[in-house]
Amino acid sequence: GNMVEWCLPQDIDLEGVEFKSMASGSHKIQSDFIYFRKGLCFGLACFANMPVESELERGARMKSVGILSPSYTLLYRYMHFLENQVRHQLEMPGHYSHLEAFYDDKKGVLPDSKGTPSSQQPVHWLPSIHRYMYPEMKITHPAGCMSQFIKFFGEQILVLWKFALLRKRILIFSPPPVGVVCYRVYCCCCLANVSLPGLGGTVPESKPFFYVNVADIEMLETEVSYVACTTEKIFEQKRDLYDVYVDNQNVKTHHEYLQPLLKINNADKEKYRRLNDQRQMLMYSQEVGEDCSSCEEDLFILFFMEQNNRIFQTLMEVSASQDKTLTADHARGMGLDPQGDRSFLMDLLEVYGIDVMLVIDNPCCT
């Protein structure tokens, strides 16, 4: 099995981190990186696999070098360092001086066992909706990460958007390498951003766990909302652990009441067309040199944030009105399909505790 070979500080609780930092099935690949969550901290580890002439090591030496931080936002900066260090550890096992120097230079104040930091409050990844601030969401990744996400899922991102906004437990399966799948977890969380103040005080926090394995089952059993990825097919059979299971481009749910959300309706197609139009315009403006500062990641995040803000702004206005009646016209104004999105709207009102009456039952109203 996996084992922790070395760490600083030496008294830190790293139980299970040896399985989080090396994805199941990694022996089949040469290198990978992996994001994970350990307690209140986030981790980034780089993995590498090198053939060796050693019976003891069964012909292969595999190591991961990783760091833990209370905040996800700066981890990407150390990807190159971790990649270099894991190669160094494969070629010269047991030489930790570079890692010691790195720790001494970067170490900060971690939260204590009660989870309260003794210095400033750390920024947790995707804060609950009413505390959400856009700049905290930033995570840097290879150029084109959002592009790949959109190309990979196509119109299915609108299905994922609805499940993310409803704070469902979303589990993404993929064989290794898992690094790119960790970015899909991130992109999926970006779909649910809302920046309206005073919304969702009772809404469950959507938690990105990035990579999870069978050692995380007990923890996942207690979660009401999360987005995670795994390389372990056994999870598919454990239906009590997730609401939505994503296998490649196939998004599915075993809950009957969520089945209608899997259908792409006309309003979804229109949103997808608008998103692609905006992306095309951005690419054109970059080509002609008008606006190189605009970034596809920002466009993607803001597209869904504006969509979400429009929905919740309308719902809050209707709930504050005298008759509290939500009509087909309201639905269209929110960019939704009055019939196709009816069950989505019903779930949304329940999850966010918004008191309005839906009167779009009659197909003649559409």
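- Under an unreviewed UniProt entry, the protein has the name DENN domain-containing protein 11 and belongs to Menura novaehollandiae.
- What UniProt records for the protein under Sequence similarities (unreviewed entry) is the sentence "Belongs to the DENND11 family."

1. Quick word on the overall build of the protein
Step number 1: Counting secondary structure elements, the protein contains eleven helices and ten strands.
Step number 2: Sequence-distant contacts in the protein: of pairs separated by 6 or more residues, those separated by 24 or more amount to 66%.
Step number 3: When the accessible surface of the protein is summed, it comes to about 17800 Å², and 52% of that surface belongs to carbon and sulfur atoms.

2. Describing the nonpolar core
Step number 1: In this structure, Phe312 and Leu315 are the most contacted members of the largest nonpolar core, which totals 95 residues.
Step number 2: Sequence-distant contacts of Phe312, that is, excluding residues within four places in its chain, are made with Leu165, Val194, Leu196, Leu199, Leu348, Tyr352 and Ile354.
Step number 3: Ranked by size, the runner-up nonpolar core spans twelve residues in total, among them Leu171, Tyr226, Ala228 and Tyr242.

3. Remarks on the pairing of strand β2 (residues 41-51)
Step number 1: Of all the eleven residues making up β2, ten are buried; the element is thus mostly covered by neighbouring parts of the structure.
Step number 2: As paired elements, strand β1 (residues 31-38) and β2 share eight bridges and run antiparallel to each other. When the bridges of β2 are listed, Tyr35 appears paired with Leu44.
Step number 3: Relative to strand β3 (residues 60-69), β2 runs antiparallel, the two being bridged by ten bridges. From the neighbouring strand, Phe47 faces β3, where its bridge partner is Ser64.

4. Notes on the side chain of Asp216
Step number 1: Positionally, Asp216 belongs in the loop between β5 (207-211) and α7 (217-220).
Step number 2: For Asp216, a relative accessible area of 5% gives the class buried.
Step number 3: Look past the residues within four positions of Asp216 in its chain and what remains in contact with it is Lys20 and Tyr211.

5. Comments concerning the packing of helix α5 (residues 156-165) against helix α8 (residues 266-287)
Step number 1: Put simply, α5 and α8 touch, their axes get as near as 9 Å, and they point 110 degrees apart. Viewed along their axes, α5 and α8 adopt a mutual orientation that is roughly perpendicular. Only Asp268, Lys271, Tyr272 and Leu275 of α8 make contact with α5, whose side of the interface consists of Ile157, Leu158, Trp161 and Lys162.

6. Some points on the pattern of salt bridges
Step number 1: Scanning the model with the defined rule gives 13 salt bridges in all.
Step number 2: Measuring nitrogen to oxygen at the nearest pair gives 3.5 Å for the salt bridge that ties Glu236 to Lys233.
Step number 3: A salt bridge links Asp247 to Lys233, with the nearest nitrogen and oxygen atoms 2.7 Å apart. Taken together, the positions of Asp247 in strand β7 (residues 244-247) and Lys233 in the loop between β6 (226-230) and β7 put the pair 14 residues apart, joining distant regions of the chain.
Step number 4: What makes Lys233 partly exposed here is its relative accessible area of 40%.
Step number 5: Ionic contacts of the salt-bridge type, sharing partners, join the residues Lys233, Glu236, Asp247 and Lys252 into one network.

7. Here's the deal with the pairing of strand β8 (residues 250-253)
Step number 1: Only one face of β8 is buried: it carries Val251 and Thr253, and the other face, with Asn250 and Lys252, is open.
Step number 2: Bridge count between β7 and β8: four bridges; the pairing is antiparallel. Counted as the bridge partner of Asp247 is Asn250 from β8.
Step number 3: Connecting the antiparallel pair β7 and β8 is a turn made up of two residues, with Asn248 showing a positive phi of about 60 degrees.

8. Some remarks on α5
Step number 1: The buried fraction of α5 amounts to nine of the ten residues, a majority that puts the element mostly inside the structure.
Step number 2: Every buried residue belonging to α5 is among Ile157, Leu158, Val159, Leu160, Trp161, Lys162, Phe163, Ala164 and Leu165, and all of these are buried.

9. Some remarks on the packing of aromatic side chains
Step number 1: The tally for this structure, following the rule as stated, stands at 17 aromatic pairs.
Step number 2: Aromatic pair Phe209 and Tyr226: ring centres 6.2 Å apart, planes at 65 degrees, arrangement edge-to-face. With Phe209 in strand β5 and Tyr226 in strand β6, this residue pair connects regions lying 17 residues apart in the sequence.
Step number 3: Sitting above the plane of the Phe344 ring, Lys162 keeps its charged end 5.8 Å from the centroid.
Step number 4: Above the face of the Phe152 ring, Arg184 is positioned so that its terminal group lies 3.8 Å from the ring centre.

Conventions used here
Residues numbered from 1 in each chain as written. Predicted model: local features only at pLDDT ≥ 70, side-chain atom pairs only at ≥ 80, totals over all residues. Heavy atoms only, no water. UniProt positions renumbered as here; feature names shortened; annotations may be inferred. Helix = DSSP H or I, 4+ residues; strand = E, 2+ residues; numbered from the N terminus. Contact = heavy atoms within 4.5 Å. Areas by Shrake-Rupley, 256 points an atom, 1.4 Å probe, with all protein chains shown as cover. Core = buried A, V, L, I, M, F, W, Y, C linked by side-chain atoms within 4.5 Å. Buried < 20%, exposed > 50% of the residue type's maximum accessible area, 1.4 Å probe, protein only. Pairing = 2+ DSSP bridges. Axes fitted to C-alpha atoms, helices over the stretch in contact; angles between N-to-C directions. Parallel < 35°, antiparallel > 145°, perpendicular 65-115°, else oblique. Salt bridge = Lys/Arg side-chain N within 4 Å of Asp/Glu carboxyl O. Phe/Tyr/Trp six-rings, centres within 6.5 Å; stacked < 30°, edge-to-face > 60°. Lys NZ or Arg CZ within 6 Å of the ring centre and 35° of its normal.

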